[in-house]
Amino acid sequence: QVQLVESGGGLVQAGGSLRLSCAASGGIFRRHDMGWYRQAPGKQRELVARITSGFVTNYADSVKGRFTISRDNAQNTIYLHMNSLKPEDTAVYYCHARGQYGAAVESPAFESWGQGTQVTVSS
């Protein structure tokens, strides 16, 4: 089972920056597609950014140009660099991993979630 532990959340003023980290263990990290999701009070969990095993990235329109997702396969860690933070970025941010149980393309997929880290942006 893949275990994910987020860190780096906190309180920041609007316009400030934070870097979130997610340390993974228990899997072949370099083969996993990774991502960051967030959930604000009263709202559904939404995709923030994804980075594939091939280092292809995708971003939600709301964070494009402000956030950067990256991965360090040597450290089994992904990061989310958040700049120009806005109050609407306030949420619990969750790390996500997607992989397969076997090497074959048709092998069953799995996904894992971290417990989340709180990001609060004040105005």
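Everything below is about the structure printed above this text.
The residue numbers shown here count from 1 along each chain, following its written sequence. In keeping with the model being predicted, local features are shown solely for residues with a pLDDT of at least 70 and side-chain atom pairs are shown and tallied solely at 80 or more, while totals for entire chains, interfaces and linings include all residues. Based on all heavy atoms of the structure, the side-chain values leave hydrogens and waters out of the count.

(A) Highlighting the packing of aromatic side chains. Only centres within 6.5 Å qualify two rings of Phe, Tyr or Trp (six-membered ring in Trp) as a pair; their planes then separate them into stacked at under 30 degrees, edge-to-face at over 60, and tilted for everything else. A full pass over the atoms with the stated rule returns two aromatic pairs. A ring pair is formed by Tyr-37 and Trp-113, whose centres lie 5.0 Å apart and whose planes are at 65 degrees; its orientation type is edge-to-face. Taken together, the residues span a long stretch of sequence, with Tyr-37 in strand E4 (residues 33-39) and Trp-113 in strand E10 (residues 109-113) at a distance of 76 residues. Among the residues examined, Tyr-37 registers a relative accessible area of 17% and is labelled buried. Numbered from the N terminus, helices here are DSSP runs of H or I no shorter than four residues, and strands are runs of E no shorter than two. When accessible area is computed with a 1.4 Å probe and restricted to protein chains, residues below 20% of their type maximum are described as buried, those above 50% as exposed, and intermediate ones as partly exposed.

(B) Summary view of the state of the cysteines. Any two cysteine sulfur atoms lying within 2.5 Å of each other are counted as a disulfide. Applying the stated criterion across every chain yields a total of one disulfide. Each disulfide pairs two cysteine sulfurs, and for Cys-22 the partner residue is Cys-95, the sulfurs being separated by 2.0 Å. Taking the torsion about the S-S bond as the criterion, the Cys-22 to Cys-95 disulfide, at about -85 degrees, is left-handed. Taken together, the residues Cys-22 in strand E3 (residues 18-25) and Cys-95 in strand E9 (residues 91-100) connect sequence positions 73 residues apart. The same class applies to Cys-22 and to Cys-95, which are both buried.

(C) A look at the pattern of salt bridges. Put simply, a salt bridge is a Lys or Arg side-chain nitrogen that is within 4 Å of an Asp or Glu carboxyl oxygen. Considering all chains together, one arrives at four salt bridges under this definition. With a closest N to O distance of 3.0 Å, Asp-89 and Arg-38 form a salt bridge. Residue Asp-89 is located in the loop between strand E8 (77-82) and E9, and its partner Arg-38 is located in strand E4; the two are separated by 51 residues in the primary sequence. Owing to a relative accessible area of 5%, Arg-38 belongs among the buried residues under this scheme. Between Lys-64 and Asp-61 there is a salt bridge whose closest N-O contact spans 3.1 Å. The pair Lys-64 / Asp-61 is uniform in exposure class, with both members exposed. Three or more residues joined by partner-sharing salt bridges are found here, namely Arg-38, Glu-46, Arg-66 and Asp-89.

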